[in-house]
Amino acid sequence: MASPLRLRSALALVTGAGSGIGRAVSVRLAKEGATVAACDLDRAAACETVWLLGGQGSEKVAPGGAHTAFQADVSEAGAVRRLLEQVQACFSRPPSVVVSCAGLTRDEFLLRMSEDDWDRVIAVNLKGIFLVTQAAAQALVSSGCRGSIINISSIVGKVGNVGQTNYAASKAGVIGLTQTAARELGRHGIRCNSVLPGFITTPMTQKVPQKVLDKVIGMIPMGHLGDPEDVADAVTFLASEDSGYITGASVEVTGGLYM
Ligand SMILES: CCCCCCCCCCCCCC(=O)CC(=O)SCCNC(=O)CCNC(=O)[C@H](O)C(C)(C)COP(=O)(O)OP(=O)(O)OC[C@H]1O[C@@H](n2cnc3c(N)ncnc32)[C@H](O)[C@@H]1OP(=O)(O)O
Ligand SMILES: NC(=O)C1=CN([C@@H]2O[C@H](COP(=O)(O)OP(=O)(O)OC[C@H]3O[C@@H](n4cnc5c(N)ncnc54)[C@H](O)[C@@H]3O)[C@@H](O)[C@H]2O)C=CC1
């Protein structure tokens, strides 16, 4: 049985923490005792998440210190370098749990997709995870600390999706990046795993045309869309020692969609 406060000593860096899955992950990790460094492109959204966790402006503080908000564009190398510097300066240690949720869509059919739509999605969803994974791993290895890195891919990275050549490529790349990082970092006690959500009810999926949404629900064996908390539960398992011998895995949280 999972022990209470499985993440009591953990410092968790969550990117994309200002919304949807990233916010749910932050809440869940905090409930397990982690101190959360909540990062987002949208500083106000990150601050709102920290307030929800009981950070600045509330009396609740995690065992490892106060939850704190950070602003960074994960697609920019300098911003990610500064982010890891700021987190370590704030908490005097590197994050032992790193969850990359930051992401976006720019959907369009291949025949009409612009180069900019391709470039931006790859820059945030794939290069962003490269930059965060690299910076976090460098900090952990140089300090001799073990860690768990969880990268949010998508079931679309496994099977593709109409209107998402850019997004599908980015998410398939996340799987390969994470498997390779797992191979290289295992000897340092750093585990790296991917989570592949299906259709999860967040602002990201609110842009999907209703006629598509109506069709996809009928394709899901469990018969309903997922919640951000469903993904957060899987992430928390991978963050904790309850998954201590799991690395390089791709964990699907889809209700059975495209199993
Ligand atoms: C048979 C339908 C099965 C649906 C399967 C969908 C599975 C998706 C699983 C994804 C789970 C994980 C999701 C995730 O990681 C987070 C996200 O990425 S959420 C965003 C997901 N995006 C999409 O699914 C793309 C949705 N489509 C669009 O945004 C627009 O269609 C698009 C911008 C691509 C084009 O817009 P427009 O030119 O206005 O064309 P229409 O919207 O009218 O569509 C024309 C035609 O194409 C059909 N269609 C569109 N998208 C899909 C799709 N994803 N799968 C299947 N068919 C699609 C649409 O229904 C229309 O068909 P008609 O028969 O002509 O009405
Ligand atoms: N909602 C869904 O159905 C699914 C989502 N996912 C993935 O889960 C992750 C989270 O998605 P959602 O919570 O649904 O989306 P969301 O749109 O609710 O949240 C995404 C967050 O990432 C932030 N962000 C965007 N670009 C950024 C950047 N350059 N730097 C830092 N932060 C940035 C946004 O500000 C936002 O707060 C994404 O990687 C997405 O691709 C995967 C499968 C399904």
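Residues numbered from 1 in each chain as written. Chains lettered and ligands numbered in written order. Predicted model: local features only at pLDDT ≥ 70, side-chain atom pairs only at ≥ 80, totals over all residues. Heavy atoms only, no water.

Draft legend 1. Structural context of the environment of Glu-85. Mapping Glu-85 onto the fold places it in helix α3 (residues 77-91). Residue class for Glu-85 comes out partly exposed when judged on its relative accessible area of 47%. The spacing of Glu-85 and Gln-138 is 53 residues in sequence and 11 Å in space, taken between C-alpha atoms. (Helix = DSSP H or I, 4+ residues; strand = E, 2+ residues; numbered from the N terminus. Buried < 20%, exposed > 50% of the residue type's maximum accessible area, 1.4 Å probe, protein only.)

Draft legend 2. Structural detail: the sheet that holds strand β1 (residues 11-15). Within the open sheet, the 7 strands sit side by side as β3-β2-β1-β4-β5-β6-β7. Their pairing is parallel. Unpaired on one side and paired on the other, β3 (68-71) and β7 (250-253) mark the two borders of the sheet. Each strand axis lies, on average, 20° off the axis of its neighbour in the sheet, ignoring direction. Looking at chain direction, strand β5 (residues 147-152) and strand β6 (residues 190-197) are connected through 6 bridges and run parallel. Across the sheet, residue Ile-152 finds its bridge partner in β6, namely Val-195. Packed on one face of the sheet, helix α6 (residues 165-185) meets β5, β6 and β7 and runs near 160° to β6. (Pairing = 2+ DSSP bridges. Axes fitted to C-alpha atoms, helices over the stretch in contact; angles between N-to-C directions. Contact = heavy atoms within 4.5 Å.)

Draft legend 3. View of the site of ligand 1. Taken together, 24 residues lie near ligand 1, and Arg-112, Ser-154, Asn-161, Gln-164 and Tyr-167 sit nearest. Gln-164 is positioned with one of its side-chain polar atoms (N or O) 2.8 Å from an oxygen atom of ligand 1. The side chain of Lys-211 places a nitrogen or oxygen atom 3.2 Å from an oxygen atom of ligand 1. Summarising the interface, the protein chains cover 70% of the accessible area of ligand 1, which totals 1200 Å² for the free molecule. Among the elements that make up the shell around ligand 1, the one with the highest residue count is helix α7 (residues 210-217) (4 residues). Looking at the shell around ligand 1, its residues break down into 13 nonpolar, 7 polar and 4 charged. (Near = heavy atom within 4 Å. Polar contact = N/O pair within 3.5 Å; in protein donor to acceptor, adjacent residues only side chain to side chain. Areas by Shrake-Rupley, 256 points an atom, 1.4 Å probe, with all protein chains shown as cover. Nonpolar A, V, L, I, M, F, W, Y, C, P; charged D, E, K, R; others polar.)

Draft legend 4. Main features of the side chain of Thr-49. Inspection of the secondary structure assignment puts Thr-49 in helix α2 (residues 43-53). Ignoring sequence-local partners within four residues, the contact set of Thr-49 consists of Ala-17, Gly-18, Arg-23, Ser-26 and Ala-38.

Draft legend 5. Representation of the pattern of salt bridges in the model. Applying the stated rule across the entire model yields 10 salt bridges. Arg-28 is the salt-bridge partner of Asp-233, the closest N and O atoms lying 2.7 Å from each other. Taken together, the positions of Asp-233 in helix α8 (residues 228-239) and Arg-28 in helix α1 (residues 20-31) put the pair 205 residues apart, joining distant regions of the chain. What makes Arg-28 partly exposed here is its relative accessible area of 23%. Across the pair Arg-106 and Asp-116 runs a salt bridge, and its minimum N-O distance is 3.3 Å. With a gap of 10 residues between them, Arg-106 in the loop between β4 (97-100) and α4 (115-143) and Asp-116 in helix α4 connect regions that are remote in the sequence. We classify Arg-106 as partly exposed; its relative accessible area is 29%. By relative accessible area, Asp-116 is classed as partly exposed at 49%. Each of Arg-6, Arg-28, Glu-32, Asp-233 and Asp-242 takes part in one network of salt bridges that share partners. (Salt bridge = Lys/Arg side-chain N within 4 Å of Asp/Glu carboxyl O.)

Draft legend 6. Quick peek at the environment of Asp-42. Here Asp-42 is to be found in the loop between β2 (35-40) and α2. Spatially, the C-alpha atom of Asp-42 lies 20 Å from that of Thr-133, the residues being 91 residues apart in sequence.

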